[in-house]
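If you want the building blocks of each chain, they are given just below.
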Amino acid sequence: MATVVTVTSGKGGVGKTTSSAAIGTGLAMRGHKTVIIDFDVGLRNLDLIMGCERRVVFDFVNVINGEANLSQALIKDKRVENLFIFPTSQTRDKDVLTVQGVEKVLNDLKGQGFEYIICDSPAGIEHGAVTALYFADEAVVVTNPEVSSVRDSDRILGILASKSRRAVRGEAPVKEHLLITRYSPARVERGEMLTVKDVQDILAIPLMGVIPESTAVLKASNTGTPVILDEESEAGMAYKDAVGRFVGEQRAFRFMDVPKKGLFQKLFGAAAS
């Protein structure tokens, strides 16, 4: 049975598409047949993050409108077995994402044996975002450790609780996961960012992962490579940990504290000052 996972945020620029790419890739690396769908009609970026922009011929909207079939629009990742990318249109209006059209496509994907359908939602609460949230079985709420981002994420949780299909039908609630991105322990220590506990206290949903601020994320995005494939970066390792927790593994949290200086660093630092 396929699980629809909506990766969402209240605020733009928090790393939602980067997270969608990493989570989808991580699940596929574990052997799960996975597709990542770009719901951000008009502003698509998933194909760039995944490095397949030159392979896009047909898209999500073409399939919804009956202008192409799934096999024509799905792009098979060349690096990871079991991983597919489903780009969206750069030129259409978000209103083309009708509930009926999206539901048909999701059902067709389920019929093709996909275990995880990752919906990369637009930020905020406009039409495309609400449509992606409506179909969620599980939701990954992506937030930065800052007040405005967390407040907007709280609004998203309200929509999941009241306007998702599960809520409308009176079914079991959407399973929620918290993913904190761009976390800097040094800035937290200086009081410039909320702590992980602060964010957890406000949103009160289970913590799936804490992704540290890292230049590896920008590098990965610019080269069209999901950062989870960078096994030497802290961000890549943190995403791997997050995916492990998502599937039920117990993993210790890393990269949440300022690294302690060794004796040599202390002496060198003292000499330099």
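Each remark here, short or long, concerns the structure printed above.
The text that follows walks through the structure, step by step, so that each part is easy to find.

The rules behind the values
- Residues numbered from 1 in each chain as written.
- Predicted model: local features only at pLDDT ≥ 70, side-chain atom pairs only at ≥ 80, totals over all residues.
- Heavy atoms only, no water.
- Phe/Tyr/Trp six-rings, centres within 6.5 Å; stacked < 30°, edge-to-face > 60°.
- Helix = DSSP H or I, 4+ residues; strand = E, 2+ residues; numbered from the N terminus.
- Buried < 20%, exposed > 50% of the residue type's maximum accessible area, 1.4 Å probe, protein only.
- Lys NZ or Arg CZ within 6 Å of the ring centre and 35° of its normal.
- Contact = heavy atoms within 4.5 Å.
- Polar contact = N/O pair within 3.5 Å; in protein donor to acceptor, adjacent residues only side chain to side chain.
- 1 Å grid on protein atoms, 1.4 Å probe; cavity = no way out; pocket = protein on both sides within 12 Å on 5 of 7 lines; lining within 4 Å.
- Points joined across faces, edges and corners; volume = space filled by probe spheres on them.
- Nonpolar A, V, L, I, M, F, W, Y, C, P; charged D, E, K, R; others polar.
- Pairing = 2+ DSSP bridges.
- Axes fitted to C-alpha atoms, helices over the stretch in contact; angles between N-to-C directions.

**A look at the packing of aromatic side chains**
Then step 1. Scanning all chains against the criterion turns up five aromatic pairs.
Then step 2. Centroid distance F84 to F114: 5.4 Å. Interplanar angle 90°. Geometry classified as edge-to-face. Placement of the pair is F84 in strand β4 (residues 83–86) and F114 in the loop between α5 (99–111) and β5 (116–120), with a sequence separation of 30 residues.
Then step 3. Judged by relative accessible area, which is 16%, F84 ranks as buried.
Then step 4. Taken together, F39, F60 and F86 form an aromatic cluster joined through their ring pairs.
Then step 5. The aromatic ring of F114 is capped on one face by K33, whose charged end is 4.6 Å from the ring centroid.

**Things to note about the environment of K11**
Then step 1. Among the secondary structure elements, K11 is positioned in the loop between β1 (3–8) and α1 (16–29).
Then step 2. Between the C-alpha atom of K11 and that of T131, which follows or precedes it by 120 residues, the distance is 17 Å.
Then step 3. Those residues in contact with K11 that sit more than four places away from it in its chain are A123, E146, S148, S149 and D152.
Then step 4. Polar contacts involving the side chain of K11 include one to the side chain of E146, which spans 3.2 Å.

**Brief notes about the layout of surface pockets**
Then step 1. Approximately 480 Å³ is the volume attributed to the largest pocket.
Then step 2. Contributing elements (two or more residues each) for the lining of the largest pocket: α1, β7 (175–183), β8 (207–212) and α11 (215–223).
Then step 3. It is α1 that contributes the most residues to the lining of the largest pocket, three residues altogether.
Then step 4. Grouping the amino acids of the lining of the largest pocket by side-chain chemistry returns 10 nonpolar, nine polar and six charged.
Then step 5. In terms of lining residues, the second largest pocket is bounded by K175, E176, H177, P206, L207, M208, R245, F246, G248, E249, Q250 and R251.
Then step 6. When contributions to the lining of the second largest pocket are tallied by element, the ones reaching two or more residues are β7, β8 and α12 (234–246).
Then step 7. No other element matches β7, which puts three residues into the lining of the second largest pocket.
Then step 8. Across the lining of the second largest pocket, the residue classes break down as four nonpolar, three polar and five charged.

**Examining the sheet that holds strand β6 (residues 138–143)**
Then step 1. Strands sit in the order β3-β4-β2-β5-β1-β6-β7-β8 across an open sheet of eight strands; the sheet is mixed. Of all strands in the sheet, those bounded by a partner on one side alone are β3 (75–76) and β8.
Then step 2. Bridging between β6 and β7 involves six bridges; their strand directions are parallel. Paired with V140 across the strands is H177, a residue of β7.
Then step 3. Running at roughly 150° to β7, helix α10 (residues 196–203) makes contact with β6, β7 and β8 of the sheet.

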